[in-house]
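Residues per chain, in single letters:
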Amino acid sequence: MKLYINAGFGEPIGAEMLGALKQRRFAGVRQDVRDAALAPALCREIADSGLQAILLVGGGKMGKEGKGTPPNEIAALAEATARAAHDAGLFEAGRAVIEIGNEPDIAYTYDRRPELFAEAVRMSEARIRAVSAVALVVTGGVMTTNRHGLD
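Calculation notes
- Residues numbered from 1 in each chain as written.
- Predicted model: local features only at pLDDT ≥ 70, side-chain atom pairs only at ≥ 80, totals over all residues.
- Heavy atoms only, no water.
- Axes fitted to C-alpha atoms, helices over the stretch in contact; angles between N-to-C directions.
- Helix = DSSP H or I, 4+ residues; strand = E, 2+ residues; numbered from the N terminus.
- Parallel < 35°, antiparallel > 145°, perpendicular 65-115°, else oblique.
- Left-handed = near helix turned anticlockwise from the far one by under 90°.
- Contact = heavy atoms within 4.5 Å.
- Nonpolar A, V, L, I, M, F, W, Y, C, P; charged D, E, K, R; others polar.
- Pairing = 2+ DSSP bridges.
- Right-handed = clockwise from strand over helix to strand, strands pointing away.
- Buried < 20%, exposed > 50% of the residue type's maximum accessible area, 1.4 Å probe, protein only.
- Polar contact = N/O pair within 3.5 Å; in protein donor to acceptor, adjacent residues only side chain to side chain.

Chemist: Account for the packing of helix α3 (residues 71-87) against helix α4 (residues 114-131), with residues named and values stated.
Modeler: Running from N to C, α3 and α4 point in directions that differ by 30°, and their axes come no closer than 8 Å. It follows from the interaxial angle that α3 and α4 lie roughly parallel. Crossing hand, α3 versus α4: right-handed. Along the contact surface, α3 presents P71, N72, I74, A75, A76, A78, E79, A82, R83 and H86, while α4 presents L116, E119, A120, M123, S124, R127, I128 and V131. Across the contact of α3 with α4, the residue classes tally to eleven nonpolar, three polar and four charged.

Structural data, given as C-alpha cells:
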C-alpha cells in the first residue's frame, strides 16, 4: 500500500514541505490543479521532489458560485495538466495519475446530472490520451456510498 496526502489545494507546496513529506514516507501528494497556468509549476515541483502525484482536475464542487464547470472546460484543464505532467516527466514509470472531478454526487449541476459527469470524464480522457498514451486516468469518487451517491 502507498500512502498519499492531500496537499497544496491548488497552490505550490514548496520543496521543503515536499521533502518533509518524503521523509515521513509518503509516496506522493494529491494536488488540486485549478488553473492551467499553474499546472507546470505544480507538476515540476512534485517531479523535482521525487514523489508521485495524483493531479485532481475539476475539484472544488466542480464549479463556482453554484454553477457547474462545463465538461469542455474540465477537459481543457485536464489536457493542460497532462501536458504539464508529461513535460515534467511524471508519466514516466507511472509517477502521476490524473483524477477527473471530485465527489460528483454533491457537485454543482453534476449532482443532478450524472450523464454530464460521464461526458466530462469521456472528454477529459480523450484529451489526456492526445498528450500521453500511458497516462493513468481515474474518475473522482462519490462523497459516500449512500443511495444518492451510488445512483
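Having seen it, we continue.
Chemist: Break down the pairing of strand β7 (residues 136-139) for me, with residues and values.
Modeler: Strand direction decides the pairing type here: strand β6 (residues 96-100) and β7, joined by four bridges, are parallel. The partner of I98 across the bridge, within β7, is V137. Crossover handedness for the path β6 to α4 to β7: right-handed.

Chemist: I'd love a proper account of the side chain of Q52, names of residues and values included.
Modeler: Following the sequence through the fold, Q52 ends up in strand β3 (residues 52-57). Judged by its relative accessible area of 14%, Q52 falls in the buried class. Contacts of Q52, omitting those with residues within four sequence positions, involve K2, Y4, A27, G28, V29, I46, G94 and R95.

Chemist: How would you sum up the side chain of D105? Please name residues and give values.
Modeler: Here D105 shows up in the loop between β6 and α4. For D105, a relative accessible area of 9% puts it in the buried group. A distance of 2.9 Å separates the side chain of D105 from the backbone nitrogen of M143, its partner in a polar contact. Residues within four places of D105 in sequence aside, it is in contact with D111, V142, M143, T144, H148 and G149.

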